[in-house]
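Okay, here's what each chain looks like letter by letter:
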Amino acid sequence: MGKRPSWQEYFMQMAVLASRRSTCLRRQVGAVLVRDNQILSTGYNGSPKGVRHCAEVGCLREQQSVPSGQQHELCRGVHAEQNAIIQAAINGSSTSRGVLYCTHQPCSICARLIINAEIKTVYCAETYPDKLAEQLFEEAGVDLFAFDQKSGAVTRLNLKQT
């Protein structure tokens, strides 16, 4: 029998799996929302329900040459973190005291949703250049960690003291 994965490894692998459902042409992102080591919901980035995917109509951000990390509103897609929170709401699961595992560090828009959803801990496999998101998490008391998928090492990304 192989090495049993830690909870962080297990849930991050689930986020990676969720990202494979993404319909985004630029970046495939997955998220898993957990409380007490139980999965509440998953999400991936892509067009809203009933709306054509970017693969069908093209990427608005590419068409307008929008750089990564800027003007998030210029996109047809819903972010993976947003979809995980929405799915929890649709299914009647409280997100309060939740832990979110993401393949990529949340942007400032997602950070605001995460804060208001009362999610207290976020693990991400890939960092993302959004200092405002980090500042918002720190001010709101949300712990933000980078998770190295190869080694399993966890590194705090914000300076909040626990």
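Scroll up to find the structure.
Asks: Residue-level account of helix α1 (residues 7–19), with values.
Replies: For α1, which comprises 13 residues, the first-to-last C-alpha distance of 18 Å matches the rise-based estimate of 18 Å (1.5 Å per residue) to within 8%. Within the span of α1, buried status applies to E9, F11, M12, A15, A18 and S19.

Asks: Before we move on, could you go through the side chain of T23 and cite the residues and values that matter?
Replies: With respect to the helices, strands and loops of the structure, T23 is situated in the loop between α1 and β1 (30–35). Side chain to side chain, T23 and H53 meet in a polar contact 3.3 Å long. Apart from the residues lying within four places of it in its own chain, the contact partners of T23 are N45, G46, S47, H53, C54 and A55.

Asks: Break down the environment of S151 for me, with residues and values.
Replies: Among the secondary structure elements, S151 is positioned in the loop between β5 (143–147) and β6 (154–156). Judged by its relative accessible area of 53%, S151 falls in the exposed class. Once the C-alpha coordinates of S151 and Q105 are considered, the two residues, 46 residues apart in sequence, prove to be 18 Å apart. At a separation of 3.1 Å, a polar atom in the side chain of S151 contacts the main-chain amide nitrogen of A153.

Asks: Describe in detail the packing of aromatic side chains, supporting the description with residues and values.
Replies: Enumeration according to the criterion identifies 6 aromatic pairs in this entry. Their ring planes at 80° and their centres at 6.0 Å tell us that W7 and Y10 sit as a pair that is edge-to-face. Here the residue W7 and the residue Y10 both occupy positions in helix α1, the gap between them amounting to 3 residues, near one helical turn. Its relative accessible area of 35% is what places Y10 among the partly exposed residues. A ring pair is formed by Y123 and F145, whose centres lie 5.2 Å apart and whose planes are at 20°; its orientation type is stacked. Placement of the pair is Y123 in strand β4 (residues 121–126) and F145 in strand β5, with a sequence separation of 22 residues. Exposure remark for Y123: the relative accessible area of 11% places this residue in the buried category. On the accessibility criterion, F145 (14% relative accessible area) is buried.

The rules behind these values
- Residues numbered from 1 in each chain as written.
- Predicted model: local features only at pLDDT ≥ 70, side-chain atom pairs only at ≥ 80, totals over all residues.
- Heavy atoms only, no water.
- Helix = DSSP H or I, 4+ residues; strand = E, 2+ residues; numbered from the N terminus.
- Expected span 1.5 Å × (residues − 1).
- Buried < 20%, exposed > 50% of the residue type's maximum accessible area, 1.4 Å probe, protein only.
- Polar contact = N/O pair within 3.5 Å; in protein donor to acceptor, adjacent residues only side chain to side chain.
- Contact = heavy atoms within 4.5 Å.
- Phe/Tyr/Trp six-rings, centres within 6.5 Å; stacked < 30°, edge-to-face > 60°.

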